[in-house]
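# Summary of the model geometry
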Amino acid sequence: MTLLLSVQGLTKRYGARIGCTNVSFDLYRGEVMGVVGESGSGKSTLLNCLAGYLSTDGGTVLFDTRAEGLKDMLTMSEPERRQLARTDCAFVHQHARDGLRMGVSAGGNVGERLMAGGARHYGQIRASAIDWLGRVEIDENRVNDRPTTYSGGMQQRLQIARNLVNGPRLIFMDEPTGGLDVSVQARLLDLLRKLVRDLHLSAVVVTHDLSVIRLLSDRLMVMKSGEVVEAGLTDQVLDDPQHPHTQLLVSSVL
Amino acid sequence: MSDYNFAYLDEQTKRMIRRAILKGLAIPGYQVPFASREMPMPYGWGTGGVQVSAAILTPDDCMKVIDQGADDTTNAVSIRKFFERTAGIETTTRTSEADVIQTRHRIPEEPLTEDQILVYQVPIPEPLRFLEPRETETRKMHALEEYGLMHVKLFEDIARHGAITTSYAYPVRAEGRYVMDPSPIPKFDNPKLSMAAIQIFGAGREQRIYALPPHCEVVSLDFEDHPFDPSKAPHPCGLCGAETSYLDEVIIDDVGGRLFVCSDTDYCETRRAEGHRGDDQVSETAA
């Protein structure tokens, strides 16, 4: 087990209000960390801080970079951080349209990270795009279609393919199954589980859906009002919740 | 003549534009912001090019203006007249006699020399614009050399049409650093961008100036398995018989008759004066 991401005392304030405060956790290779909590509890703030979309007010986020080992993502120079966001990290948005280029074909969407990495052979880029569409169960003959012609579930799967195509080691997911109907959710979760296992991916998954967490994640953090109130192995926390808020969350599952 | 300052613009403005030009020449392909002035013509008619020309003209210069390769279109004629009136300079239609050539859409067929300056009128200077609408983001992409997106556009062309169909404003990379949009010239002219003359690009509405110094290395972007192809219509010129010049297709009747002629009128006329003749035939007639 090698350490991939180490977060210490991460804090984000919106003026006097707290976004998230004093969040610390370690993430190892091949591990999936779930973050749950009611809406407004700071889950997405935490994720956006980790991904570098928001500036932070304190703490460190050490990432195991390929070149230099553990390095603080928050104090990295911008070129370095953007480089990392294109290669070793990926972000799956809740709404697929935020993460896709809607005016560009599916093949172009998947190929973008490859081309950003310097791939200049059309045939090879297209072949890996088709390969990845296959892995996320999108038919090969849709490769030239724009994402606007895709259903919601397909768009989400396309977004996942686009993010995983160049083999990132860490993937951030913000409500990956939100807004999808139940049968599509189930298939997407199966797919995600398979990909995470096959590619030995690490992931931080933010969701308010406890069943998603139970299926996907190895460990779990429960957040309330910007603070982590309980953390531990998923089954342990969900089967034997200690904090009153966790108990409330678990008991309110339909 | 005394009604205007030489070449219309005031001296402070010219100084500001010259500074932008010098910076542009020092960093080939980099878009230098400048405070574009209102000109007595609408945006899209070459306000950027006119300001650049006004800043670099001297009283002994001879100027040529071309629009789509032709010297006799409205835009070319009116800009030529503008400088005749406001700068009192000589104008010409002969490429070899001109010191400053302002152009839209074409590079003259005749090779330019190091004594000449080619000024382009540019509508949209940002090559990434149609893929990334945010200016803050495109500037960052230029600064950090994140040019993967430019290839996404070419990728889309091949995916949809089987070949790179971008045929004008074809993106190039200057001196291995900045990706730039060479104004709306046809990609046929792209190989000529490495030339002996100084090339200055002015975009009036977008307030950007960029430049290519003489003999600058300019590479058209492409894929390994779909190399850059500076294509042209596979015909000789119907008037002068030139095989290697860029051609315009002219519809000459209502039964499908077509004539291909050089788009560079000066080049075509010079050749005809030298005695070259095309077959003057309608190359294909609809049955």
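Every value quoted in this text rests on a predicted model; they were computed, and no experiment measured them. (Residues numbered from 1 in each chain as written. Chains lettered and ligands numbered in written order. Predicted model: local features only at pLDDT ≥ 70, side-chain atom pairs only at ≥ 80, totals over all residues.)

## Details of the overall build of chain B
As a reminder of what qualifies: Per the convention used, a helix needs a DSSP run of H or I reaching at least four residues, while a strand needs a run of E reaching at least two, with both numbered from the N terminus. Each radius of gyration is computed over the set of C-alpha atoms, and the globule rule expresses the reference value as 2.2 Å times the number of residues to the power 0.38. We call a residue exposed when 12 or fewer other C-beta atoms sit within 10 Å of its C-beta, buried when the count reaches 20 or more, and partly exposed for counts in between; the C-beta positions come from the backbone. Note that contacts rest on C-beta atoms placed from the backbone: two residues are in contact if these are within 7 Å.
Along the backbone of chain B there are six helices and 12 strands. For 287 residues, the compact-globule estimate of 2.2 N^0.38 gives 19 Å, and chain B sits close to it at 20 Å. Considering only C-alpha atoms, chain B reaches an extent of 60 × 50 × 35 Å along its principal axes. Going through the 287 residues of chain B one by one, you find that 46% of them count as buried. Relative to all contacts within chain B whose residues are 6 or more apart in sequence, the contacts with residues 24 or more apart total 64%.

## Focus on the interface of chain A and chain B
Formally: Each residue is assigned to one of three groups, with Ala, Val, Leu, Ile, Met, Phe, Trp, Tyr, Cys and Pro labelled nonpolar, Asp, Glu, Lys and Arg labelled charged, and all others, Gly among them, labelled polar.
The interface of chain A with chain B comprises 16 residues on the first partner and 14 residues on the second. Of the residues forming the side of chain A that touches chain B, the biggest block, six residues, is contributed by helix α4 (residues 106-116) of chain A. Residue composition of the side of chain A that touches chain B, grouped by class: six nonpolar, seven polar and three charged.

## Let's talk about the packing of α4(A) against helix α6 (residues 152-164) of chain A
Residues and elements named next belong to chain A. Quick reminder of the rule: Between N-to-C directions, angles cover 0 to 180 degrees, with each direction set by a line fitted to C-alpha atoms, over the stretch in contact for helices. Working rule for angles: under 35 degrees goes down as roughly parallel, over 145 as roughly antiparallel, 65 to 115 as roughly perpendicular, anything else as oblique.
Packing of α4 against α6 leaves a shortest axis separation of 7 Å and a crossing angle of 30 degrees. With respect to each other, α4 and α6 are oriented roughly parallel. Between α4 and α6, the residues in contact are Ala106, Asn109, Val110, Glu112 and Arg113 and Leu158, Ala161 and Arg162, respectively. Looking at the contact of α4 with α6 residue by residue, the classes come out as four nonpolar, one polar and three charged.

## Here we look at the packing of α4(A) against helix α5 (residues 148-161) of chain B
Test applied: By convention, the crossing between two helices is left-handed when the near helix turns anticlockwise from the far helix through less than a right angle, and right-handed when the turn is clockwise.
It is the contact of α4(A) with α5(B), at a shortest axis distance of 9 Å, that shows an interaxial angle of 140 degrees. By the angle between their directions, the pair α4(A) and α5(B) is classed as oblique. Here α4(A) runs over α5(B); the crossing is right-handed. Residues A:Gly107, A:Gly108, A:Gly111, A:Glu112, A:Met115 and A:Ala116 of α4(A) form the contact with α5(B), whose participating residues are B:Gly148, B:His151, B:Val152, B:Phe155, B:Glu156 and B:Ala159. Class assignment for the residues of the contact of α4(A) with α5(B) results in five nonpolar, five polar and two charged.

## Thoughts on the confidence of the model for chain A
Spelled out, the test is: What pLDDT conveys is the predictor's confidence in a given residue, as a value from 0 to 100.
With 100% of its residues at a pLDDT of at least 70, chain A reaches an overall mean of 90. Element-level mean pLDDT values for chain A span from 86 in helix α7 (residues 182-199) of chain A up to 94 in α4(A).

## Describing the sheet that holds strand β1 (residues 3-14) of chain A
Residues and elements named next belong to chain A. As a reminder of what qualifies: DSSP calls a pair of strands paired once it identifies at least 2 bridges connecting them.
Spatially, four strands are ordered β2-β1-β4-β5 in an open sheet, and the strand pairing comes out antiparallel. Two strands lie at the open edges of the sheet, namely β2 (17-28) and β5 (69-72), each paired on one side alone. Adjacent strand axes in the sheet meet at a mean angle of 20 degrees when their direction is disregarded. Sheet topology places β1 next to β2; eight bridges connect them, and they run antiparallel. Counted as the bridge partner of lysine 12 is cysteine 20 from β2.

## Section: the pairing of strand β5 (residues 117-121) of chain B
Looking down a regular strand, the side chains alternate between one sheet face and the other. Residue and element names in this part refer to chain B. Of all the five residues making up β5, five are buried; the element is thus mostly covered by neighbouring parts of the structure. Covered by surrounding structure in β5 are Ile117, Val119 and Gln121 together with Leu118 and Tyr120, the residues of both alternating faces. Both β5 and strand β8 (residues 198-203) contribute to a ladder of five bridges, which runs parallel. Across the sheet, glutamine 121 pairs through a bridge with glycine 202, a residue of β8.

## So, unusual backbone geometry
The backbone phi angle of A:Ser225 is positive, close to 50 degrees, even though this residue is not glycine. Among the structural elements, A:Ser225 can be located in the loop between β9 (219-224) and β10 (227-233). In the Ramachandran plot, B:Glu145 falls in the positive-phi region, its phi being about 55 degrees despite a non-glycine side chain. Tracing the chain through its elements places B:Glu145 in the loop between α4 (135-143) and α5. B:Glu145 sits in the partly exposed class, given 13 other C-beta atoms within 10 Å.

## Here's the deal with the confidence of the model for chain B
Residue and element names in this part refer to chain B. Summing up the model confidence of chain B, the mean pLDDT is 91 and the portion of residues at 70 or higher is 96%. Note on residues 283-287: pLDDT under 50 across the span, and 11 contacts to partners over four residues away in sequence or across chains. For this predicted complex, the interface confidence comes out at an ipTM of 0.85, alongside a pTM of 0.86.

## Let's talk about the sheet that holds strand β8 (residues 202-206) of chain A
Residues and elements named next belong to chain A. Read across the sheet, six strands follow the order β6-β7-β8-β3-β9-β10 without closing on themselves; strand pairing throughout is mixed. Two strands close off the open sheet at either side, each with one partner strand: β6 (89-92) and β10. Direction aside, neighbouring strands of the sheet carry axes that sit 15 degrees apart on average. Sheet topology places β9 next to β10; six bridges connect them, and they run antiparallel. Residue pairing in the sheet places lysine 224 in a bridge with glutamate 227 of β10. Contacts from α6 reach β6 and β7 (170-174) within the one sheet, and its direction differs from that of β6 by about 170 degrees.

## Examining the environment of A:Leu50
All names here are of chain A. Inspection of the secondary structure assignment puts leucine 50 in helix α1 (residues 43-51). According to the C-beta neighbour criterion, leucine 50 is buried, with 26 such atoms within 10 Å. It is 26 Å that separates the C-alpha atoms of leucine 50 and tryptophan 132, two residues lying 82 residues apart in sequence. Residue contacts for leucine 50: discarding those within four places in its chain leaves Val61, Phe172 and Val204.

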